[in-house]
Amino acid sequence: MCGIVGYLGEERAAPVLLDGLEKLEYRGYDSAGVALWQDKKIAVVRRKGRVCELVCARSLAGNAGVGHTRWATHGAPSERNAHPHRFGAVCLVHNGILENAAALKEECLARGEVFSSDTDSEVAAHLMNAFLAEESDLLRAVKRACELLSGSYAFAVLAEGREEIVCARMHSPLVVARGTDGVFAASDLCAVAAEGRSAYVLEDGEFARLTKEGAELFDSALRPVERTFFALAAQQAAPEKGSFAHFMRKEIEEVPSAIENTLSGLPDLLNSHLYEVLCQTEYLHIVACGTAYHSGLCMKAVVEKFARVPTQVFVASEYRYCDPIVPEHTLTVAISQSGETADTLAAAQLALERGSRLLAVTNVEHSSLNRLAQHVLPTRAGREVAVAATKSFNAQLAVLYSLAAALAAGRGRRVPSPAALAVLARETLCASGRVAAWTPYFQGARSVFFLGRGADRCAALEGSLKLKEISYLPSEGYAAGELKHGTLALVDGATPVVAVITDPQLADKTMNAVHEVYARGAAVFLVTPFEELCAAQEVTASVRIPRCEPAYSPILSVIPLQLLAYHVSLALGHDPDKPRNLAKSVTVE
Ligand code: F6R
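Small disclaimer: the values here were computed from a predicted structure and weren't measured.

*Asks:* Kindly report on the sheet that holds strand β8 (residues 162-170), identifying the contributing residues and their values.
*Replies:* Strands sit in the order β5-β6-β7-β8-β12-β13-β14 across an open sheet of seven strands; the sheet is antiparallel. Each edge of the open sheet is held by one strand with a lone partner, namely β5 (85-87) and β14 (224-225). Sheet topology note: the strand β7 (residues 153-159)/β8 ladder contains six bridges and is antiparallel. Note on β8: the bridge partner recorded for Ala154 is Arg169. Strand contacts of helix α3 (residues 122-135): β5, β6 (90-95), β7 and β8, with the helix running at about 140 degrees to β6, the strand carrying the most contacts.

In structure tokens:
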């Protein structure tokens, strides 16, 4: 979370920094700021709110600077807590969490230093300033400060009197880029991508120094190192909304092509090195967070049905502290759109340490998770900008179903091909437009339930997560059969219920739950391929989706649920692309 950017070159830095920050806003958007190096002095502009609040900084002079867009961890979203943070000669932007900041701050206070924010980050500026006074070398000062820090950081640091930017990375993403117009640093390639530039993703413990001469790299002992920079293309830059009002709406529209591109871009799993690993796999573990966790649940349903490989799905933030049992011949699949989620990375690292093989499923080619894993299967959803994950979920399922099919094939079992799913997703999208008419029932709701059994429960969980994150309505995804064991007490006329029913063998059972909630006054909305269920008197409105193998159905049934969340969010006057309190890439614990 938080986006940082740095630039030093021929151009005026302010527009470069502000354009970069706009592209990084998905990482946090509660306050923003820039610092510009002007005639050996540093000018700082900070604002509460979004990057657009920094419009007055665009005209500032200076050819070097750093910028930041914040997702608050320590200290409320406010101008005083906005980055850059300055102390003495040092001015920095930080992404991450400094876990020992409180103890270090005590030491600074004991020296009589005064703090001007409530952030953990400011303490780093105090430490670097103290070391700069001793070292007269910003790179060494930053390194010595980093040696005292625990937690995670990506820093870009300026100092008065020095035309350079020093960068450091530990457990938070940071790239440096070179172009004919200057040198750059950023949390994500999208902020610096352009034709003719090249980039390097810093490893943990590495440092970079950006000067007029270019970008120099250093290892953790500050020994200069040569690294290979890869070419950047304009396509890696952040996409535009086009004719859509919001990125989320555009990204839902892109679901079919995300599935199609992902399936067509997959290697032939049956003839790959991974196939040998799949044949030897006796246990499957999945680690992920949020929407990606729900993808994992969907995969479990398919793997256990067709490949009969025991599968456990772990919330990554729990896995890392539950002392997991990792039997021999375990394959751990770490699923992450960004490939930068701190909890997923830590869980993946632990799985490796416990002897598991590690396969990453991510949407970002140069992500930390891809670099950690022994095997990578990419989703080709294209860049996802809206904070709520949509097309990346469907693309993850395309990969995971293919993986499940290969696991099954390795055991001589036959599996229905997922090849037709992109076409079926296109049909589903056409049918789903009618959910816009459901919104009046949800606008005044006290809470919402999403029900399903088996794979439908996984879709229900994801539908519920989408709704709560962008509409702020209390919502729960629930196993349809479990409702009557207590939670039914919450259902009344102000509790719309969305039921997902795609498996003919479970349809009657889930309909029992529909009868139960209807009897308590709930309006029922149905997502199903079965016409006769849509006609039931209990059903207020429905979307008919195409039939497919029931275990695969979440890849389709989630589409109307994604759209429902979008429309309810709009009807309630929220910004579906940037829900409050959230950020797209959760790089802190
Ligand atoms: C929900 C959402 C989050 C992410 C979660 C994991 O819409 O976007 O729940 O799914 O933070 O992120 P990744 O997939 O990047 O690891």
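*Asks:* Give a detailed account of unusual backbone geometry, specifying residues and quantitative values.
*Replies:* The amide bond that connects His83 to the next residue, Pro84, takes the cis arrangement and shows omega of 0 degrees. Here Pro84 is to be found in the loop between β4 (64-70) and β5. One non-glycine residue with positive phi stands out, namely Asn581, at about 70 degrees. Relative to the elements of secondary structure, Asn581 occurs in the segment after α18 (554-571). Residue Asn581 is classed as exposed on the basis of its relative accessible area, which comes to 62%.

*Asks:* So what about the environment of Leu429? Which residues, and what values?
*Replies:* By the secondary structure assignment, Leu429 is in helix α13 (residues 421-432). Separated by 134 residues in sequence, Leu429 and Leu563 place their C-alpha atoms 9.0 Å apart. Here Leu429 is in contact with Ile252, Glu253, Pro256, Ile559 and Leu563, once residues within four sequence places are set aside.

*Asks:* Which residues make up empty space enclosed by the protein, and what values go with them?
*Replies:* Throughout the structure, instances matching the rule amount to one cavity of 30 Å³ or more. What the largest cavity holds in volume is close to 70 Å³. As for the largest cavity, its lining consists of Cys2, Arg70, Trp71, Ala72, Thr73, His74, His83, His94, Gly96, Thr119, Asp120 and Ser121.

*Asks:* Describe in detail the sheet that holds strand β15 (residues 230-231), supporting the description with residues and values.
*Replies:* Here we have eight strands laid out as an open sheet, ordered β3-β2-β4-β1-β10-β9-β11-β15, and antiparallel in their pairing. Each end of this open sheet is capped by a strand with a single partner; those strands are β3 (41-48) and β15. Packed onto the sheet, helix α1 (residues 13-24) meets β1 (3-9), β2 (31-38), β4 and β10 (182-186) and runs at close to 155 degrees relative to β1.

*Asks:* Quick rundown of the packing of helix α2 (residues 101-110) against α3? Include the residues and the values.
*Replies:* Where α2 contacts α3, the axes come no closer than 9 Å and their chain directions differ by 45 degrees. Taken together, α2 and α3 sit at an angle that is classed as oblique. Remark: the crossing between α2 and α3 carries left-handed chirality. Across the interface between the two elements, Ala101, Leu104, Lys105 and Cys108 of α2 pack against Val123, His126 and Leu127 of α3. Here the residues of the contact of α2 with α3 sort into five nonpolar, one polar and one charged.

*Asks:* Can you explain the environment of Leu473? Please cite residues and give values.
*Replies:* Following the sequence through the fold, Leu473 ends up in the loop between α15 (455-471) and β22 (475-479). Each C-alpha atom, one on Leu473 and one on Phe442, is 8.6 Å from the other, the two residues being 31 residues apart in sequence. In this structure Leu473 touches Phe442, Ala445, Val448, Leu467, Lys468, Val568 and Leu572, once residues within four positions along its chain are discounted.

*Asks:* Would you mind going over α2 in detail, with residue names and values included?
*Replies:* If you check which residues of α2 are buried, you get Ala101, Leu104 and Cys108. Buried positions in α2, seen along its axis, are confined to an arc of 70 degrees and lie on one side of it. Relative to its buried face, α2 has exposed residues pointing more than 90 degrees away, namely Ala102, Glu106 and Ala110. Buried positions along α2 lie against α3 and α4 (138-148). One or two steps after α2, the chain reaches Gly112, where phi turns positive at roughly 90 degrees.

*Asks:* An account of the site of the ligand is requested, with residue identities and associated values reported.
*Replies:* Around the ligand, a shell composed of 15 residues is seen, among which Ser336, Gln337, Ser338, Thr341 and Glu469 lie nearest. Thr291 has a polar backbone atom sitting 3.0 Å from an oxygen atom of the ligand. Side-chain polar atom of Ser336 to an oxygen atom of the ligand: 2.6 Å apart, as the coordinates give it. Coverage of the ligand by the protein amounts to 90% of the 400 Å² it exposes when considered alone. When atoms are counted within 2 Å of each cavity's grid points, the one that captures over half of the ligand is the second largest pocket. Put simply, the parts of the chain that give the shell around the ligand at least two residues each are α8 (290-307) and α15. Its residues assigned to classes, the shell around the ligand comprises seven nonpolar, six polar and two charged.

*Asks:* Help me get a handle on the packing of aromatic side chains, residues and values and all.
*Replies:* Applying the stated criterion across every chain, the model contains ten aromatic pairs. On the numbers, 5.0 Å between centres and 45 degrees between planes, the contact of Tyr7 with Phe184 is tilted. One end of the pair, Tyr7, is in strand β1; the other, Phe184, is in strand β10, with 177 residues separating them in the sequence. By relative accessible area, Tyr7 is classed as buried at 1%. Classification of Phe184 by relative accessible area gives buried; the value is 2%. Judged by centre distance (6.4 Å) and plane angle (50 degrees), the rings of Phe306 and Tyr552 are tilted. Here Phe306 is found in helix α8, whereas its partner Tyr552 is found in the loop between β25 (539-544) and α18, with 246 residues between them in sequence. Taken as a pair, Phe306 and Tyr552 share a single burial class, namely buried. Of the aromatic side chains, those joined through ring pairs into one cluster are Trp438, Tyr441, Phe442 and Phe525. Here the basic side chain of Arg580 rests over the ring of Tyr472, its NZ or CZ set 3.9 Å away from the ring centre.

*Asks:* Quick rundown of the side chain of Asn370? Include the residues and the values.
*Replies:* In this structure, Asn370 sits in helix α11 (residues 368-372). Judged by relative accessible area, which is 12%, Asn370 ranks as buried. In this view, Asn370 contacts Ala360, Thr362, Val364, Glu365 and Val376; residues no more than four positions away in its chain are not counted.

*Asks:* Now, about the nonpolar core: what can you tell me, with residues and values included?
*Replies:* Core analysis: the largest hydrophobic core is formed by 82 residues, its most contacted members being Leu284, Val333, Leu377, Trp438 and Phe442. When residues in this core are grouped by element, the largest group, eleven residues, is from helix α12 (residues 391-409). Apart from the residues lying within four places of it in its own chain, the contact partners of Phe442 are Val448, Leu473, Pro496, Val498, Phe525, Leu564 and Val568. Membership of the second largest hydrophobic core comes to 31 residues, among which are Phe87, Phe131, Val142 and Cys146.

Parameters and conventions
Residues numbered from 1 in each chain as written. Predicted model: local features only at pLDDT ≥ 70, side-chain atom pairs only at ≥ 80, totals over all residues. Heavy atoms only, no water. Pairing = 2+ DSSP bridges. Helix = DSSP H or I, 4+ residues; strand = E, 2+ residues; numbered from the N terminus. Contact = heavy atoms within 4.5 Å. Axes fitted to C-alpha atoms, helices over the stretch in contact; angles between N-to-C directions. Buried < 20%, exposed > 50% of the residue type's maximum accessible area, 1.4 Å probe, protein only. 1 Å grid on protein atoms, 1.4 Å probe; cavity = no way out; pocket = protein on both sides within 12 Å on 5 of 7 lines; lining within 4 Å. Points joined across faces, edges and corners; volume = space filled by probe spheres on them. Parallel < 35°, antiparallel > 145°, perpendicular 65-115°, else oblique. Left-handed = near helix turned anticlockwise from the far one by under 90°. Nonpolar A, V, L, I, M, F, W, Y, C, P; charged D, E, K, R; others polar. Arc of directions from axis to C-beta. Near = heavy atom within 4 Å. Polar contact = N/O pair within 3.5 Å; in protein donor to acceptor, adjacent residues only side chain to side chain. Areas by Shrake-Rupley, 256 points an atom, 1.4 Å probe, with all protein chains shown as cover. Sits in = over half its atoms within 2 Å of the grid points. Phe/Tyr/Trp six-rings, centres within 6.5 Å; stacked < 30°, edge-to-face > 60°. Lys NZ or Arg CZ within 6 Å of the ring centre and 35° of its normal. Core = buried A, V, L, I, M, F, W, Y, C linked by side-chain atoms within 4.5 Å.

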